[in-house]
Amino acid sequence: ILVSKALCYMFNVKPAKVKAPDGRTKIDDFWEPAKKSLFGDSNLLKRLVDYDKDNIAPEIMTQVEPFASNPDFEPDIVKK
């Protein structure tokens, strides 16, 4: 789920608003939009390879920065 969320930020895929567990509020769901817009894209690998990592917008950097310090986002954990 963390990878899906990060990719959604990087490729500007908007989350779906779904009912929160409390049933009263809504939360952002990145999984369904990621499956449809990213994982369903046969060119995803090419898009990742060609991603302009040297010109990432500051607002995107702000969104993905917390992932860098998240221990669950380490490569060995993610690949499981």
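All figures in this text were calculated on a predicted structure; none of them were measured in a lab.

Looking only at helices and strands, the protein has five helices and two strands in total. Across the protein, helices and strands are ordered from the amino to the carboxyl terminus as α-β-β-α-α-α-α. Dimensions of the protein, computed from the C-alpha atoms along their principal axes, are close to 40 × 30 × 30 Å. Considering the protein as a whole, with its 80 residues, one finds that 22% of them fall into the buried category. Intrachain contacts of the protein at a sequence separation of at least 6 include 50% that bridge at least 24 residues.

With that settled, the discussion passes to the pattern of salt bridges. Summed over all chains, the structure comprises five salt bridges. In this structure, Asp50 engages Lys46 in a salt bridge whose closest nitrogen and oxygen atoms are separated by 2.5 Å. The residue Lys79 makes a salt bridge to Asp76 at a minimum N-O spacing of 3.6 Å. Taken as a pair, Lys79 and Asp76 share a single burial class, namely exposed.

The next thing to look at is the pairing of strand E1 (residues 16-19). Sheet topology note: the E1/strand E2 (residues 26-29) ladder contains four bridges and is antiparallel. Pairing of Val18 across the sheet is with Ile27, part of E2. The loop that links E1 with its antiparallel partner E2 comprises six residues; one of these, Gly23, has a positive phi angle of about 80°.

Let's shift gears to the packing of aromatic side chains. Tallied over the full model, the rule gives five aromatic pairs. Summarising the aromatic geometry, the rings of Tyr9 and Phe30 are spaced 5.3 Å apart at their centres and angled 70° between planes, so their arrangement reads as edge-to-face. Of this pair, Tyr9 sits in helix H1 (residues 2-10) while Phe30 sits in the loop between E2 and helix H2 (31-39), placing them 21 residues apart in sequence. Classification of Tyr9 by relative accessible area gives buried; the value is 18%. A connected cluster of aromatic rings, assembled from ring pairs, spans Tyr9, Phe30, Phe67 and Phe73.

Procedures and definitions
- Residues numbered from 1 in each chain as written.
- Predicted model: local features only at pLDDT ≥ 70, side-chain atom pairs only at ≥ 80, totals over all residues.
- Heavy atoms only, no water.
- Helix = DSSP H or I, 4+ residues; strand = E, 2+ residues; numbered from the N terminus.
- Buried < 20%, exposed > 50% of the residue type's maximum accessible area, 1.4 Å probe, protein only.
- Contact = heavy atoms within 4.5 Å.
- Salt bridge = Lys/Arg side-chain N within 4 Å of Asp/Glu carboxyl O.
- Pairing = 2+ DSSP bridges.
- Phe/Tyr/Trp six-rings, centres within 6.5 Å; stacked < 30°, edge-to-face > 60°.

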